[in-house]
Amino acid sequence: MFSAIARIFRTPDLRKKIGFTLGIIALFRLGSFVPTPFVDFANVQLCLAANQGTSGLYELVNLFSGGALLQLSVFALGIMPYITASIIVQLLRVVIPHFDTLYKEGASGQSTLTQYTRYLTIALGILQSTTLITVARSGALFGTSASTECTQLITNDAWYAIMLMVITMTAGTGVIMWMGELVTERGVGNGMSLMIFISIAALFPGSLSAIGQQQGADTLIIVLIVGILVVAGVVFVEQSQRRIPVQYAKRMVGRRTYGGNNTYIPIKVNMAGVIPVIFASSLLYLPALLAQFNQPAAGAEAPAWVVWISQNLTGGDQPLYMAMYFLLIIGFTYFYVAITFNPEEVADNMKKYGGFIPGIRAGRPTAEYLDFVLTRITLPGSLYLGLIALIPLVAFSVVGADQNFPFGGASILIIVGVGLETVKQIDSQLQQRHYEGLLK
């Protein structure tokens, strides 16, 4: 292992790529602490030190921004607008035929879709930064029970000050998007994924430290043991796949023979990744958002539906919230897998190039068989996602650990997935220059 790491730094090209990636990451983390103009940095730090926490509405965005959201920094929005834009453009392929045509055109069409994603990212950045500043001005960023300092985060309420803050945060989103693309082109790994990886990993020490201070060393040791087991389980499932054998018939083109080889179609147990968890979290935030905007005036009685939502759908320790969260993840997993993997398209491509599954006729029977396998392998994948997502909520209920429990939910799925992919890319580049790679 150590000799492989030494070979990485002895290889000039790979050393430059890793150095460039680390430099971009350092700039990204630096921008997460630079305050936006007209933000009272001292009051923000006081509110963070008071550990007021975040409401469910901002928890996911704060996770993906590496804590920059609550600091109202230049990079407060993080990579979240780009993630949302990418998901929207991907889903629009089902609704808009032009988008699906561009995707099938190859590199030129996908570059056009990438450009659409960039434009949509900037638009979402403007929308989200405006919402964030509005919430900060109202004093609800750190919760309704926050102290007086947490309601005075912005020093200037003039229109030009608000506009400058919106432009700054939106520009920060654009810079993050640009840095992620630079890492993809000139560094190691997928730039956008690494940005999310670093944002989440930056919160791990603080979360573990808070658990140790609030619950004691015994609870911290239990959390670390559970975390190691969860990481091992996630690595095992993420690497698991169902390999469907495919054979290609030999065919003559001129004087050359093509085909005749055997391969397989890898269908992963977790084909949807972390997307269903994000969808379910976002959907469950909507009732809390509606209840927040319908809070009664001081002394007035809240409507019955607002009280019901507050009692059942706002906290992770509520049984109904857990049950709906779990069921939504299962539903969104099937929905997203059905969008991203089309058995009929795969079967048509196999038939076009003379491929077939042994024992299955080409064409429609192949599509039906692929759909049969996909439907059944998605069930354990969706149950796995639901259980991983419930780990932080169970930890909050059982041991009273912070809701940003580091070893569960979207955070651990992203950390393990991006980590495995980056290590594989480094290993493949090492194997191009040496007989041995990073992995054995």
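Rules used in this analysis
Residues numbered from 1 in each chain as written. Predicted model: local features only at pLDDT ≥ 70, side-chain atom pairs only at ≥ 80, totals over all residues. Heavy atoms only, no water. 1 Å grid on protein atoms, 1.4 Å probe; cavity = no way out; pocket = protein on both sides within 12 Å on 5 of 7 lines; lining within 4 Å. Points joined across faces, edges and corners; volume = space filled by probe spheres on them. Nonpolar A, V, L, I, M, F, W, Y, C, P; charged D, E, K, R; others polar. pLDDT = per-residue confidence, 0-100. Helix = DSSP H or I, 4+ residues; strand = E, 2+ residues; numbered from the N terminus. Contact = heavy atoms within 4.5 Å. Buried < 20%, exposed > 50% of the residue type's maximum accessible area, 1.4 Å probe, protein only. Arc of directions from axis to C-beta. Phe/Tyr/Trp six-rings, centres within 6.5 Å; stacked < 30°, edge-to-face > 60°. Lys NZ or Arg CZ within 6 Å of the ring centre and 35° of its normal. Patch = residues over 30% accessible without salt bridge, like charges linked within 9 Å, V, L, I, M, F, W, Y side chains within 5 Å. Areas by Shrake-Rupley, 256 points an atom, 1.4 Å probe, with all protein chains shown as cover. Salt bridge = Lys/Arg side-chain N within 4 Å of Asp/Glu carboxyl O. Lys, Arg positive; Asp, Glu negative; His and termini not counted. Charge placed at Lys NZ, Arg CZ, Asp CG, Glu CD.

## Topic: empty space enclosed by the protein
Enumeration according to the criterion identifies one cavity of 30 Å³ or more in this entry. In this structure, the largest cavity encloses a volume near 40 Å³. As for the largest cavity, its lining consists of K268, V269, N270, M271, A272, T333, V337, L374, I377, T378 and G381. Considered class by class, the residues forming the lining of the largest cavity number six nonpolar, four polar and one charged.

## Remarks on the confidence of the model for the protein
Per-residue pLDDT for the protein averages 80, and the proportion of residues at 70 or more is 82%. Element-level mean pLDDT values for the protein span from 61 in helix α4 (residues 56–64) up to 91 in helix α8 (residues 159–186). Overall, residues 52–57 carries pLDDT values under 50, and its contacts beyond four positions in sequence, including any with other chains, amount to 13 contacts.

## Brief notes about helix α15 (residues 343–352)
All buried positions along α15 are accounted for by P343, A347 and M350. Buried residues of α15, seen end-on, are gathered within an arc of 60° and therefore sit on one face of the element. With its phi angle positive at about 80°, G354 sits one or two positions after the end of α15.

## Re the packing of aromatic side chains
What the rule picks out here adds up to five aromatic pairs. Taking 5.5 Å as the distance between ring centres and 25° as the angle between the ring planes, the aromatic pair formed by F99 and Y116 counts as stacked. Of this pair, F99 sits in helix α6 (residues 97–104) while Y116 sits in helix α7 (residues 107–138), and the two are 17 residues apart along the sequence. The class for Y116 is partly exposed, based on a relative accessible area of 31%. For the pair W159 and Y160, a centre-to-centre distance of 6.1 Å together with 90° between the ring planes defines the contact as edge-to-face. Look at W159 and you get exposed, because its relative accessible area is 64%. Just above the ring of Y103 sits the side chain of R93; from NZ or CZ to the centre is 3.7 Å.

## What to know about a negative patch on the surface
Together, E344, E345, D348 and D371 make up a region of like negative charge exposed at the surface. Broken down by element, the residue count for the negative patch peaks at three residues, all from α15. Mapping D371 onto the fold places it in helix α16 (residues 364–398).

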